[in-house]
Structures are given as structure tokens and as C-alpha cells.
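So the chains spell out like this:
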Amino acid sequence: MALSPTPPAVRGAQSPLMVQMRGVISQVQRFGDQPGLRRAMPAIVILSVTVLALAGWLLMREPARTTLYPGLPEAEKARVIETLTGSGIAAVVDRQTGEIQVPGGDYHRARMLLAAQGLPQGMPDGNAMLNDLPMGTSKSVETARLRQAQELDLARSITEISAVSAARVHLALPERSAFLRDSQPPRASVFLQIAPGRVMDGAQVEAVVNLVSSSVPGMARQDVTVVDQMGRLLSRGADDPGALLNDRQLQHRVQIETLYRNRIEQLLTPIAGPGNLAVQVTIDMDFTRQEIREEQVDPDRTALLSEQQQLDESADPAARGIPGAVSNTPPQTPELAAEAPPTDAAPKAETMRTRSSGSTRNFEVSRKIETTVPATARIARVSAAVVVRAQPQPVPEDPEAPPPPLLPEALKADIERLTRSAIGFDQARGDAVTVTAQPFLDSVVPEAPGWTSQPWVADLARQIFLLAALAVVALGVVRPILNRVLLPTPAAGGPGTLTAEEAAVEVGEGESLDDVRARLKARQGALTKNMLDAARSHEEQILVIRKLVEEDSGRIATTFRQMIASELDTVN
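Residues numbered from 1 in each chain as written. Predicted model: local features only at pLDDT ≥ 70, side-chain atom pairs only at ≥ 80, totals over all residues. Heavy atoms only, no water.

Draft legend 1. How the structure looks around the overall build of the protein chain. Counting its regular elements, the protein chain contains 17 helices and 11 strands. Burial status across the protein chain gives 18% buried among its 572 residues. For the protein chain, restricting intrachain contacts to residue pairs at least 6 apart in sequence, the fraction spanning at least 24 positions comes to 68%. Accessible surface computed for the protein chain: about 42700 Å², of which carbon and sulfur atoms make up 56%. (Helix = DSSP H or I, 4+ residues; strand = E, 2+ residues; numbered from the N terminus. Buried < 20%, exposed > 50% of the residue type's maximum accessible area, 1.4 Å probe, protein only. Contact = heavy atoms within 4.5 Å. Areas by Shrake-Rupley, 256 points an atom, 1.4 Å probe, with all protein chains shown as cover.)

This is the structure:
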């Protein structure tokens, strides 16, 4: 059926945009009429629905949330939520714990915003917990609340230390017992969150231990344990006094070595320049405790302490009275003196019988007692090593000449003298000072990692995976659809019907009707073969053959002959 040409008036009325739209619609219709597309349409619909459902779930699901500041009081929670909500962060209150939670991706941003606003102002205190204690609470619950309030107060006090960002205190308070044998001492454990870039020294740890032990009655210092966020034990138990003594001795030795090293660096840095000097000092210290007691006696120096003299005498008195029997026995001297009549005659001298005298003197010999306790930490030996950066030396003109020294002898001697003065050099003690010059490395070149740890390996693996996924999709889904779209297909009249472009034959100059028919038959034969090749299913091939039989039975015979030509040659 010949199509009537479009009137010029109608063609002029149609705009190019309308023509393009109609062409696009017709192409879409032809694309939708493809059998391959129709067969793949259920899989495409299922895949599209799956992708849309996954995308909707990813967009609508609730993001993972993180607790911002656990244990905040209610007033602080209200201010925190107000600040975060005003800044565009979806902060919510957990229904079970009552803590403020924010999305995981906004955690650090929320902390920075709150820090800029000065929030939170402080940790929860024990008074707020005690105020919420209801009436009629059992004794066990009240004891637990009191212990928890005490823990919060201790943690709040420990957090005031500049090096501590957060703290948590756990108290183990045993129940009181009337029997001393069954009583247990209280114990405490302290968990410290050290601020980034800060270190807790020994004095600060001791302060925390003393603070906790002094706040709980009956708690000893050795019953307090302090741990940081890295799991390191900061407090040392007092079970081994020798270990504590060794730690103190080592700390004292390190302090002395640091003092000597700073002295040397302060003296030599103006000479060598900043960064051109490396100093190390090693000190051998003797921590032996000695006590010397000495007693000295000087025999040449004496002192009289006491003197005692004694004199004993005995004598016979003269004879007196009337001679007789009675008078032969001399009476006692007092009686004779009482009975004797007064007389003017001089008495006779008494007769001395015995006489003895004695003298005793006590002297003290000079004695000196002296007790000497030497210093506990005595420096036994000092060793100092100084390395100076060697300056680049000019290339000598004579290659056989010995290279110049890296450090001039005069400068080396001055550095050595200054170092000896800084450490108090004592040759009798065995001190040693070593000064040398070596070239310094400006940067340390790390060892090159293996190729498996290179970042490009991960990127390449990711790209290969994406390409493989795209290849699977392209070969499994897109290629069948494109094959059905790009291959020639029959028109809407059915399989085997030629379109107007396929049936059109250009007539050249000087060609006869027989020549045109011959060209048309050759072209129709090629089109028939192409249509048979394009028909994939058995039903499509039967439809093409039926249409050809209706149009031209001679062509069908030729076609069958071409199809069985190879088999005929095999049989012959």
C-alpha cells in the first residue's frame, strides 16, 4: 500500500521539536516491542524494585547513635539538647537510660559545639542523687545510693586535676561486723581518662591515692588502685618495700642524669648551635646505707673527779686512882674522868698504840664518741658522652693527603674542659668524658613497606571489582537487550514483511527493468537469509518461512536448496 505524501501546508505547520519527539516515541515503541526485552522485563522490574527498596531503606533508616556525656544532671541535659538542636544536630534522649545520644557521624562535631558553649559545666554530684532518693527506701538501696554519691563526689574532685579529663571511682565498702576477726578493710579502684598529650607523674598519682584513702574511713593507701584508659597500673602496691625503694632510687638517678645533661647542653649549645649537639650522661650511684660509730680514748689527758682521805689512831691513857685489886682493871675513860678529883698536877702523856692514814683519788680518762652516717645516694662514677655535628669539609686538592679532622683539636679540648666542669669531673673517682664529631642525618628514611601495603593496591582492587561487576551486568543484562534492538527485525506486518527502506531500490542511469529486478531479487535473498538468522526461536523462524511461502514459492525453493546444500554434498 502506497503512502500518500504529506501536504506542504501540513509539513510547514510541524515544528522540528515535534518531529524529534515523534521520532523518539516511535523508537521507544519499537524498543518495547522487542521479544528479548519482553522476556527480560520481569528480571528488570525485580532488580529495579530491589534497588529502589535498598535505597529507600538506606535513606529512611535511623543512623547509629552514640551516647554523648553519660551521667549528666537533668539541667545540663536540657541545655545540651537545646544547643545541639539549634545547631542542626538531631540529639535525642534514650528512653531506657535517659542519656543524650547523637548520630555517630556528628559525635565529634557535637562535642566541639558544646565545648564552645562551655557545656557541660560539671559532672553530676552526689547531692542531686541524694535529693532524688524517695521516702521509704530500704536500707540496702539507701546504702548503695550513699556509696554511689560518694563515688561521684570523689570522681568530680579528681577531674579537677588538669591532666585528667574524666574519672570514675569504685568503692568496695564491706558491711560492718561486731567481730573484729570477720571485718574486712575497705578498698577502692580509680579509673582515669588522661587528656590527650598529658602524662600523670608519680606525685599526681600519689595525690589521687591520698585523696581517696583519706575520704573513706579505715582505708589504707595500699588498698587504692589507679588505672588509666590504656590499662596501665599507675599506683604501686606497698607489699614489696624493696620494689618501692628501687623505683625511688632509679627515679633519683634519672633526675641527677637529667640535671647533668641540661648543664652540658646549656654550656655547649651557644658554641655548637641549636640542633648540633647530642649529650648523654650515665651515673653510677651507690645507695648503700652505712652507720659508723667511733670511740676514742686519750690517756695523756686526765681529769680529777673525786678525792678521799682517811686517818685512824689508837692510844693507851695514863694510870690513875688507888692501887688495889679493883684498880688493876682500868675503868672506862668517861668514868675515870667523872670520878677523878680535880688536881692541879699535869696529866701524863698518853701512850700511842697504832696510827694509820689513807687517801683515794678518782681520775677520768679523756674519751670521744663519734657516730657518722654517710650520704645514702653517693655518686660512684660519672660518664658523659658528647657528639657534635661535623661540618662539611672541603674536598682536598691532593687525593692522597689524609682527610682533615671532623672536629678541630682546640675546639674539642674546650668542649671537653667545659663538660668536665659541668659534671664535676673527679679522676680519682674514675669519671670519663668522651667528645666526638660525626655527621648528623637530617631525616630518618623509614624502610619501604611492601607492595601489598601500598595504597594503590587497595584502589586497584576496588576498581577491578567495580569493573567486574559492570562487566557481569553488561554481559548478562545489557548485551541481550542490545542484540535484540540492533539486529534487523520484521515490521509491524509480521515476520518476513519488508519495510519501505528495505524494498526501495535506487535505479541507476542506463539500467533496464531486468537489471533492476535482478538486483531486487539478490537483495531480497540476502534479506531473507538475514531474517532467518535473526529469528532466534523456532516460532519466529516458522513465521518467517510462512510469510515467504505466501509471497514467492520460487524463492522458498531456492532458500531450502541453499540450506540443504551442505547436507546434499555430504550424501553425494
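Draft legend 2. View of the pairing of strand E11 (residues 432-438). The alternating pattern of E11 places Val433, Val435 and Ala437 on a buried face, while none of Ala432, Thr434, Thr436 and Gln438, on the opposite face, is buried. Pairing of strand E10 (residues 378-389) with E11, which is carried by seven bridges, proceeds in the parallel orientation. Bridge pairing links Val387 to Thr436 in E11. (Pairing = 2+ DSSP bridges.)

Draft legend 3. Structural detail: the pattern of salt bridges. In this structure the tally under the stated criterion is nine salt bridges. Where Glu416 meets Arg420, a salt bridge forms, and the shortest distance between an N and an O atom there is 3.0 Å. Here Arg420 and Glu416 lie together in helix H11 (residues 409-423), a separation of four residues that amounts to about one turn. Classification of Glu416 as partly exposed rests on a relative accessible area of 23%. What makes Arg420 partly exposed here is its relative accessible area of 35%. (Salt bridge = Lys/Arg side-chain N within 4 Å of Asp/Glu carboxyl O.)

Draft legend 4. How the structure looks around the nonpolar core. Of all hydrophobic cores here, the largest spans 22 residues; its most connected members are Tyr260, Ile264, Leu277, Val281, Ile283, Val386 and Ile423. Residue assignment for this core shows that the elements contributing at least two residues are helix H9 (241-272), strand E7 (277-286), E10, H11 and E11. If we ignore the near neighbours within four places in the chain, the residues touching Tyr260 are Val281, Ile283, Ile379, Val382 and Ile423. If you look at the next biggest cluster of nonpolar residues, it comprises 21 residues, including Ala163, Ala167, Val190 and Val208. (Core = buried A, V, L, I, M, F, W, Y, C linked by side-chain atoms within 4.5 Å.)

Draft legend 5. Inspection of the environment of Ala172 at higher detail. Considering the arrangement of structural elements, one finds Ala172 in strand E4 (residues 164-172). Owing to a relative accessible area of 45%, Ala172 belongs among the partly exposed residues under this scheme. Separated by 13 residues in sequence, Ala172 and Pro185 place their C-alpha atoms 8.9 Å apart. Filtering out sequence-adjacent residues up to four positions away, Ala172 remains in contact with Pro186 and Arg187.

Draft legend 6. View of H11. Compared with the 21 Å implied by 1.5 Å per residue over 15 residues, the 21 Å span of H11 between its first and last C-alpha is a close match. Taken as a whole, H11 has its buried residues at Ile415, Thr419, Ala422 and Ile423. Axial view of H11: buried residues confined to an arc of 85 degrees, hence all on one face. Seen from the open side of H11, the exposed residues pointing more than 90 degrees away from its buried face are Glu409, Ala410, Arg417 and Ser421. Phi turns positive, to about 65 degrees, at Gly424, one or two residues after H11. (Expected span 1.5 Å × (residues − 1). Arc of directions from axis to C-beta.)

Draft legend 7. Broad picture of the packing of aromatic side chains. Scanning the model with the defined rule gives zero aromatic pairs in all. Note that Arg420 overlies the ring of Phe425, its terminal NZ or CZ placed 4.3 Å from the centroid. (Phe/Tyr/Trp six-rings, centres within 6.5 Å; stacked < 30°, edge-to-face > 60°. Lys NZ or Arg CZ within 6 Å of the ring centre and 35° of its normal.)

Draft legend 8. Here's a closer look at the side chain of Gln101. Position of Gln101 relative to the elements: it lies in strand E3 (residues 100-103). On the basis of relative accessibility, which here comes to 17%, the residue Gln101 falls in the buried class. Engagement of the side chain of Gln101 in a polar contact is seen with the side chain of Asp94, the distance being 3.5 Å. Once you skip the residues sitting within four places of it in the chain, Gln101 turns out to touch Arg65, Thr66, Thr67, Ala90, Ala91, Val92 and Asp94. (Polar contact = N/O pair within 3.5 Å; in protein donor to acceptor, adjacent residues only side chain to side chain.)

Draft legend 9. Fine view of the sheet that holds strand E2 (residues 92-93). Strand order in the open sheet formed by three strands is E1-E3-E2, with antiparallel pairing between adjacent strands. Here the strands that pair on one side only, and so sit at the sheet edges, are strand E1 (65-67) and E2. Note: E1 against E3, three bridges, orientation antiparallel. Bridge assignment links Arg65 to a residue of E3, and that residue is Pro103.

Draft legend 10. Region of the structure containing the confidence of the model for the protein chain. Averaged over the protein chain, the pLDDT score is 75; the fraction of residues at 70 or greater is 66%. Across residues 1-13, confidence stays below pLDDT 50; counting only partners more than four residues off in sequence or on other chains, it has one contact. Low pLDDT (under 50) marks residues 487-503, which in the prediction has 24 contacts with non-local residues, meaning those over four places away or in another chain. (pLDDT = per-residue confidence, 0-100.)

Draft legend 11. The arrangement of a nonpolar patch on the surface in detail. Nonpolar side chains collect at one region of the surface, where Trp451, Trp456, Leu460 and Ile464 lie side by side and expose about 490 Å² of accessible area between them. When you line up the elements, Ile464 lands in helix H12 (residues 455-486). (Patch = residues over 30% accessible without salt bridge, like charges linked within 9 Å, V, L, I, M, F, W, Y side chains within 5 Å.)

Draft legend 12. Structural context of the sheet that holds E4. If you walk across this open sheet you meet the three strands as E4-E5-E6, and the pairing is mixed. Edge strands, defined here as strands with exactly one partner in the open sheet, are E4 and strand E6 (224-228). Adjacent strand axes in the sheet meet at a mean angle of 15 degrees, parallel and antiparallel pairs treated alike. Most of the contacts of helix H7 (residues 139-159) go to E4, to which it runs at about 150 degrees, and overall it touches E4 and strand E5 (187-194). Lying on the sheet, helix H8 (residues 202-215) is in contact with E5 and E6; it crosses E6 at an angle near 135 degrees. (Axes fitted to C-alpha atoms, helices over the stretch in contact; angles between N-to-C directions.)

Draft legend 13. Summary view of the environment of Leu406. With respect to the helices and strands, the residue Leu406 is situated in the loop between E10 and H11. Each C-alpha atom of the pair Leu406 and Gln391 lies 7.0 Å from the other, and the pair is 15 residues apart in sequence.

Draft legend 14. Quick look at helix H5 (residues 107-116). Every buried residue of H5 is listed here: Tyr107, Ala110 and Leu114. One side of H5 holds all its buried residues, which, seen down the axis, span an arc of 65 degrees. In H5, those exposed residues whose orientation departs by more than 90 degrees from the buried face are His108, Met112, Ala115 and Ala116.

Draft legend 15. Molecular detail of the pairing of E5. Going residue by residue along E5, you find Ala188, Val190, Leu192 and Ile194 tucked away on one face and Arg187, Ser189, Phe191 and Gln193 left uncovered on the opposite face. As defined by bridge partners, E4 adjoins E5 across eight bridges and the pair is classed as antiparallel. Bridging from a neighbouring strand, His170 pairs with Ser189 of E5. Here five bridges tie E5 to E6, and the two strands are oriented parallel to one another. Of the residues in E6, the one forming a bridge with Phe191 is Val227.

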